[in-house]
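What the coordinates show
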Amino acid sequence: MKTLSIDLRRAEASDARAVAETHRRSWLHAYSGLIPHKALIQMLERRREDWWRRAAQGPSTLLLLDIGGTIAGYTTIGVNRAPALKQEGEIYELYILPEFQGTGLGSYMFREARAILKGLGMRGLAAWCLEDSEHAVTFFRASGGLDVAEGMEDFGDAALKKLGFIWPN
């Protein structure tokens, strides 16, 4: 019998290639058909291996879901960037490869990210997603999030509505 390890750990610069691939695959799955193709491809091109190498050493925290050596997902967390929302922490991104979705691993990552921010003394949490991303909206609502804010995000020639979710404590 083989034991499979599941670990949520901080990214290192040496993880950059694997994170770039996880990012590319998870974003194509999440946003194809929502974000105009040209804009989506440009976004993916900007976040190649070098970008993720710098991100692993940047000011926000980049956590990786490592399943037996496969980077199955990632989340970035840090200080809330939206002054209108009084929550102190923010989950900037939370993505999982399509083949690992629906297994509870996204909820695990969310809970752990939230606990880390709380452990750093941050009160409350905020997260944003595109309004038309049914999967993300459902996930945040199921996680207890309250959609309290709206905004717009520009993607080339398209402006898409986004929702801001909060978790007060």
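First, a word on what this report is: a plain description of the structure on this page. (Residues numbered from 1 in each chain as written. Predicted model: local features only at pLDDT ≥ 70, side-chain atom pairs only at ≥ 80, totals over all residues. Heavy atoms only, no water.)

A few words on the packing of helix α1 (residues 16–31) against helix α2 (residues 37–46). Relative to each other, α1 and α2 sit at 160 degrees, their axes nearing to 10 Å. Between α1 and α2, the angle falls in the class roughly antiparallel. By crossing handedness, the relation of α1 to α2 is classed as right-handed. Between α1 and α2, the contacting residues are H23, R24, W27, L28 and Y31 on the first element and L40, I41, M43 and L44 on the second. Of the residues assigned to the contact of α1 with α2, the class counts are 7 nonpolar, 1 polar and 1 charged. (Axes fitted to C-alpha atoms, helices over the stretch in contact; angles between N-to-C directions. Helix = DSSP H or I, 4+ residues; strand = E, 2+ residues; numbered from the N terminus. Parallel < 35°, antiparallel > 145°, perpendicular 65-115°, else oblique. Left-handed = near helix turned anticlockwise from the far one by under 90°. Contact = heavy atoms within 4.5 Å. Nonpolar A, V, L, I, M, F, W, Y, C, P; charged D, E, K, R; others polar.)

Turning our eyes to something else, we now look at the pattern of salt bridges. Two side chains of opposite charge can pair, provided their charged atoms sit close to one another. Evaluated as defined, the whole model comprises 15 salt bridges. Note that D66 is salt-bridged to R9, the shortest N-O span being 3.1 Å. A residue pair is termed long-range when its members are at least 10 positions apart, and D66 in strand β2 (residues 61–67) and R9 in strand β1 (residues 6–10) qualify at 57 residues. Here D66 falls in the buried class, since its relative accessible area comes to 13%. Residue E99 pairs with R25 through a salt bridge whose shortest N-O separation is 2.7 Å. With E99 in the loop between β4 (89–96) and α4 (105–119) and R25 in helix α1, this residue pair connects regions lying 74 residues apart in the sequence. In this structure E99 comes out as partly exposed when scored by relative accessible area, which is 47%. Residues joined by salt bridges that share partners form a network here, namely R17, E49, D50 and R53. (Salt bridge = Lys/Arg side-chain N within 4 Å of Asp/Glu carboxyl O. Buried < 20%, exposed > 50% of the residue type's maximum accessible area, 1.4 Å probe, protein only.)

What follows deals with helix α3 (residues 49–56). In an α-helix, one turn spans 3.6 residues; hence positions three or four apart end up facing the same way. For α3, the complete set of buried residues consists of W52, A55 and A56. Looking down the long axis of α3, one finds its buried residues gathered within 100 degrees of arc, a one-sided arrangement. On the buried face of α3, the contacting elements are α1, β2, β3 (70–79) and β4. (Arc of directions from axis to C-beta.)

In spatial order, the strands read β1-β2-β3-β4-β5-β7-β6; together these 7 strands make up an open sheet with mixed pairing. The outermost strands of the open sheet, each flanked by one partner alone, are β1 and β6 (146–155). The average undirected angle you get between the axes of adjacent strands in this sheet is 25 degrees. Strand direction decides the pairing type here: β2 and β3, joined by 7 bridges, are antiparallel. When the sheet's bridge partners are listed, T61 is paired in β3 with I77. Here helix α5 (residues 134–142) sits on the sheet in contact with β5 (125–130), β6 and β7 (158–167), set at roughly 155 degrees to β5. (Pairing = 2+ DSSP bridges.)

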